[in-house]
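Residue-level structure breakdown
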Amino acid sequence: MSEKDKILKLRKEIKRYNYYYYIKNEPLISDTEFDKLLKELEVLEKKYPELKDENSPTNKVGSSIENNKFKKVEHKKPMLSLSNTYNTQDILDFHNRIVKFIESNNIEYTIEMKLDGLSITLIYENGELIQALTRGDGIIGEDVTENILQIKSIPKYLKENISVEVRGEVVLPISEFKKLNEIRINNGEEPFANPRNAASGTLRQLDKEIVKSRNLDAYFYFLVDSDKYNINSHFESLKVIEKLGLKTTKIYKKFKINEVEKYIKKFDEIRKNLDYETDGLVIKVDNINLYNILGNTTKSPRWAIAYKFPAKQATTKINNVTLQVGRTGVITPVAELEEIELSGSLIKRASLHNFEEIKRKDIKIGDTVFIEKAAEIIPQVVKVIKELRTGNEKNIEIPKTCPACGSKLIKENGLVALKCTNNNCSAKLQRKIEYFVSRDAMNIDGLGGKIIEKFIEIGKLKNIDDIYTLHNYKTELISLEKMGEKSVENLLTSIENSKNQKYEKVIYALGIPFVGKFTANILAKHSKNIDSLIRMSKEELLEIENIGEKIADSIVHFFKNPENIKLIDRLKKYGINFTISSKNNSNNIFEGKTFLATGSLKKYKRSEIRDIIENNGGKYLSTVSKNLNYLIAGEKAGSKLKKAKEMNITILSEKEFENLLNSNTNINKENDSIQKNTGQKTLF
Ligand SMILES: NC(=O)c1ccc[n+]([C@@H]2O[C@H](COP(=O)([O-])OP(=O)(O)OC[C@H]3O[C@@H](n4cnc5c(N)ncnc54)[C@H](O)[C@@H]3O)[C@@H](O)[C@H]2O)c1
Ligand SMILES: [Zn+2]
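Cut-offs applied
Residues numbered from 1 in each chain as written. Chains lettered and ligands numbered in written order. Predicted model: local features only at pLDDT ≥ 70, side-chain atom pairs only at ≥ 80, totals over all residues. Heavy atoms only, no water. Helix = DSSP H or I, 4+ residues; strand = E, 2+ residues; numbered from the N terminus. Buried < 20%, exposed > 50% of the residue type's maximum accessible area, 1.4 Å probe, protein only. Contact = heavy atoms within 4.5 Å. Areas by Shrake-Rupley, 256 points an atom, 1.4 Å probe, with all protein chains shown as cover. Donors = N, O, S within 2.8 Å, 3.2 Å for Na, K, Ca; no water. Tetrahedral: all angles 85-135°; square planar, octahedral: opposite > 155°, others 65-115°. Salt bridge = Lys/Arg side-chain N within 4 Å of Asp/Glu carboxyl O. Pairing = 2+ DSSP bridges. Core = buried A, V, L, I, M, F, W, Y, C linked by side-chain atoms within 4.5 Å. Near = heavy atom within 4 Å. Polar contact = N/O pair within 3.5 Å; in protein donor to acceptor, adjacent residues only side chain to side chain. Nonpolar A, V, L, I, M, F, W, Y, C, P; charged D, E, K, R; others polar. Axes fitted to C-alpha atoms, helices over the stretch in contact; angles between N-to-C directions. Parallel < 35°, antiparallel > 145°, perpendicular 65-115°, else oblique. Left-handed = near helix turned anticlockwise from the far one by under 90°. 1 Å grid on protein atoms, 1.4 Å probe; cavity = no way out; pocket = protein on both sides within 12 Å on 5 of 7 lines; lining within 4 Å. Points joined across faces, edges and corners; volume = space filled by probe spheres on them. UniProt positions renumbered as here; feature names shortened; annotations may be inferred.

Before going further, it helps to examine the overall build of the chain. When helices and strands are tallied, the chain shows 25 helices and 22 strands. Looking at the chain as a whole, 50% of its 684 residues are labelled buried. When contacts within the chain are restricted to residue pairs at least 6 apart in sequence, those whose partners lie at least 24 apart make up 68%. Accessible surface for the chain amounts to roughly 34400 Å². Of this, 48% is attributable to carbon and sulfur atoms.

Turning to the coordination of the zinc ion (ligand 2), a few remarks are in order. Surrounding the zinc ion (ligand 2) are the protein donor atoms Cys 402 (SG), Cys 405 (SG), Cys 420 (SG) and Cys 425 (SG), which sit 2.3 to 2.4 Å from the metal. If you look at the zinc ion (ligand 2), its four donor atoms make angles of 98 to 118° with each other, and the shape they trace is tetrahedral. Read in sequence order, the donor residues for the zinc ion (ligand 2) give the motif C-x2-C-x14-C-x4-C. Taken as a pair, Cys 405 in the loop between β16 (380–384) and β17 (409–411) and Cys 420 in strand β18 (residues 418–420) lie far apart in primary sequence, 15 residues in all.

This next bit is on the pattern of salt bridges. Applying the stated criterion across every chain yields a total of 48 salt bridges. Here Lys 254 ties to Glu 108 by a salt bridge, and the two come within 3.9 Å at their closest N and O atoms. With a gap of 146 residues between them, Lys 254 in strand β9 (residues 252–255) and Glu 108 in the loop between α3 (88–102) and β3 (109–115) connect regions that are remote in the sequence. For Lys 254, a relative accessible area of 29% puts it in the partly exposed group. By sharing partners, the salt bridges in this structure join Asp 362, Asp 367, Lys 386 and Arg 389 into a single network.

A separate point is the sheet that holds strand β20 (residues 619–620). Taken in spatial order, the four strands line up as β20-β19-β21-β22 in an open sheet, and their pairing is parallel. Edge strands, defined here as strands with exactly one partner in the open sheet, are β20 and β22 (650–652). Relative to β20, strand β19 (residues 594–598) runs parallel, the two being bridged by two bridges. Considered in β20, the bridge of Thr 594 is made with Lys 619.

Before going further, it helps to examine the nonpolar core. Among the nonpolar cores identified, the biggest contains 55 residues, and Phe 436, Ile 444, Leu 447, Ile 467, Tyr 468, Leu 477 and Ile 507 are the most heavily contacted of them. Of all elements in the fold, only α12 (426–437), α13 (449–457), α15 (485–497), α16 (503–509), α17 (517–527), α18 (530–535), α20 (549–560) and α21 (562–573) reach the threshold of two or more residues within this core. Counting 34 residues, the second-largest nonpolar core is a separate cluster that includes Ile 120, Val 144, Leu 203 and Phe 235.

Taken together, 24 residues are adjacent to ligand 1, and Asp 35, Ser 81, Arg 135, Glu 169 and Lys 308 come closest. In the model, an oxygen atom of ligand 1 is placed 2.8 Å from a nitrogen or oxygen of the Tyr 22 side chain. Between an oxygen atom of ligand 1 and a side-chain N or O atom of Ser 119, the distance comes to 3.0 Å. Summarising the interface, the protein chains cover 92% of the accessible area of ligand 1, which totals 820 Å² for the free molecule. Of all the secondary-structure elements, those providing two or more residues to the shell around ligand 1 are α1 (3–23), α2 (31–47), β3 and β10 (278–285). Here the shell around ligand 1 is composed, by residue class, of 12 nonpolar, four polar and eight charged.

To characterise two packed helices, one gives the angle between the axes of the helices and the distance between these axes. As a packed pair, α12 and α13 sit with axes 10 Å apart at the nearest point and diverge in direction by 135°. Viewed along their axes, α12 and α13 adopt a mutual orientation that is oblique. Crossing handedness for the pair α12 and α13: right-handed. Note on element contacts: α13 touches α12 through Gly 449, Ile 452, Glu 453 and Ile 456, opposite Ser 426, Leu 429, Gln 430, Ile 433 and Glu 434. Along the lines of polarity and charge, the residues of the contact of α12 with α13 split into four nonpolar, three polar and two charged.

Moving on, we come to empty space enclosed by the protein. Summed over the entire model, instances satisfying the criterion amount to two cavities of 30 Å³ or more. By volume, the largest cavity is sized at about 70 Å³. In this structure, the largest cavity is lined by Glu 112, Met 113, Leu 115, Tyr 219, Phe 220, Tyr 221, Leu 238, Thr 248, Thr 249 and Tyr 252. Taken together, the elements giving at least two residues each to the lining of the largest cavity come down to β3 and β8 (217–223). Across the lining of the largest cavity, the residue classes tally to seven nonpolar, two polar and one charged. What the second largest cavity holds in volume is close to 30 Å³. Contributing to the lining of the second largest cavity are Ile 270, Asn 273, Leu 274, Leu 596, Ser 622 and Lys 640.

Looking now at the packing of α3 against helix α9 (residues 260–271). Relative orientation of the contacting elements α3 and α9 amounts to 130°, with a least axis distance of 11 Å. Taken together, the axes of α3 and α9 lie oblique to each other. As α3 runs across α9, the sense of the crossing is right-handed. Packed against α3, whose contacting residues are Thr 88, Ile 91 and Leu 92, the element α9 presents Val 260, Glu 261 and Ile 264 at the interface. Grouping the constituent residues of the contact of α3 with α9 by class yields four nonpolar, one polar and one charged.

Turning next to the environment of Ile 378. Inspection of the secondary structure puts Ile 378 in the loop between β15 (368–372) and β16. Take Ile 378: its relative accessible area is 54%, and that puts it in the exposed class. Once the C-alpha coordinates of Ile 378 and Ile 347 are considered, the two residues, 31 residues apart in sequence, prove to be 9.4 Å apart.

Turning our eyes to something else, we now look at the UniProt feature "active site" (unreviewed entry) in the chain. On the UniProt side, "active site" (unreviewed entry) is annotated at positions that read Lys 114 here. Look past the residues within four positions of Lys 114 in its chain and what remains in contact with it is Leu 82, Glu 277, Thr 278, Asp 279, Gly 280, Leu 281, Val 282, Ala 306 and Lys 308.

Put simply, side chains in a regular strand alternate between the two faces of the sheet. A large share of β3 lies buried, amounting to seven of its seven residues. Pairing geometry for β3 and β10, over seven bridges, is antiparallel. Each bridged residue has a counterpart across the sheet, and for Ile 111 the counterpart in β10 is Ile 283.

The topology assignment puts Arg 167 in strand β7 (residues 164–171). Owing to a relative accessible area of 7%, Arg 167 belongs among the buried residues under this scheme. Among the polar contacts listed, one links the side chain of Arg 167 to the backbone oxygen of Pro 78, at a separation of 3.1 Å.

What follows is the structure, given as structure tokens:
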């Protein structure tokens, strides 16, 4: 193919990818590959200027929005994209170009988060929101005003009676994304691949009640025509946006170019704690008066550049498919992948969910696939790249027997999953116990897969509740590899402590199919204790918000099984807590309290500690301020710790935080007594 033909082919191909990405919210390839194709086209177009075409995707923002259900409205000022880079050298080059252009090197920049959602522009007239448009193709956007009004954090009236246009990003918070996908999976619907797709899919659909139920959020970062309001600094304009009553991320900083690396590092650290996804940082010239001088390309402003973080998607090869037996006996095919780096971690495996999915996506061993890891969810195989097939790919055989115990596999009525129904299957028991002891369930520390396997093998774990007899087997435990006396002590203490675990965690630990964390919380609140939960009829369950047919059936079915009732009775005898605690009303022990973690924590990821705090009614902050009650300080904690100490904020070690969490006493009382006892603000 001649290079000229290649140009035409690339244009067509890229337009198609744009359509699937922006309009259908169903990308066909990874961003990295997409960016590569676009770059290739750019290079070729430079080489053949005679083939210039203003409709080429290199000159266009987004995708064309023909055949669309929304009213189309022209933007007063085009909504552009951003030029982007993955390295700091390009940012220095960007700076040098500007220096040359304006003949001065006294330039200040702002750095802020690049939110990964969809852009929106809001038009306020005399303080009232009259129109909200998507970016569309940059020139013409879609009118989504009705849907935007469903977003709680977007005010219909500004705090001042002025006419302005403000631009920002609509996002789906990560916590909402997880909740939404849990519900979708439970209802047998396809989960969203990432929060961006979910946000875009939600905002660009016609039923505003659905929009309302999804809890979208929005952050703003651009005041159109700031200079008209006598604002000369981008930094200042962000403050004005806040004063008007709109949300910004509050995370932005003014800096000089020699500090760029420092701030990239700092912001990269901060973003790990946020409840929305970011795909990079945006660096903007602060002096708004320079915007007109620097101008725009057809696609992006010359006064801003995006620094992008490593991609969340990639393509890799499926080397093999293995089978995993789940705690309910469901057989899950797992893709063993050619190892690849994805958003900073090495990925070797991805779940293929079930054999219907393999069939639907037409996945074979040897295929090159597009995988994605969003919001800390396990990586998913999004699709097969069939163009790369060689003909040597092998079909994935559907197994007939359980890989662990050899029993015949069954497909239950109406369900897609294959199941091992042998009650004595060792693999099932092992998974059940692993699940029972996991952090979100009984939170038993030190009982890893290897030990469980061993104890099943020697016949000391025949059922879940046998965990509570382990203190009788100290010698056996100590004799296990790597288990010192101290760690056995710790394990036994942890087992003992788990008897006081909260009721909702216990419900979750039982492993009722389709009852995840979110559903377990709802069930705990509504039932108050296990006996009334056991007695609930399907109809009663269905009356509870967010409990659908499938979950209700599953719960009723679970408690109909006498084995499960016997298990609960035995757990009761061991003293496991099966009622909601009235003292702190389930999980509000951190109500009204604010936390922040800093330094490197041993046990928890940032997102996990944040989840724990929020699940217990607390709030997670992003900076040290007078509003902060507790700073959880890990190793190598630096400036935040220093600042917190200066401000007399209570500092907790990771362990102290856990103690605080596990002590079921009311946090306010506890804090009072501590202050009285010690006179200083350190716990314990
Ligand atoms: N996989 C695919 O098929 C496919 C297809 C098309 C595009 N893409 C991907 O989409 C990206 C290009 O999309 P794009 O043109 O929308 O650009 P972009 O999303 O990379 O950057 C521009 C956008 O960033 C947003 N933004 C977020 N925070 C901001 C802030 N603080 N200040 C200013 N803007 C901010 C704005 O909405 C702006 O429109 C590329 O990464 C590309 O790989 C992928
Ligand atoms: Zn089995």
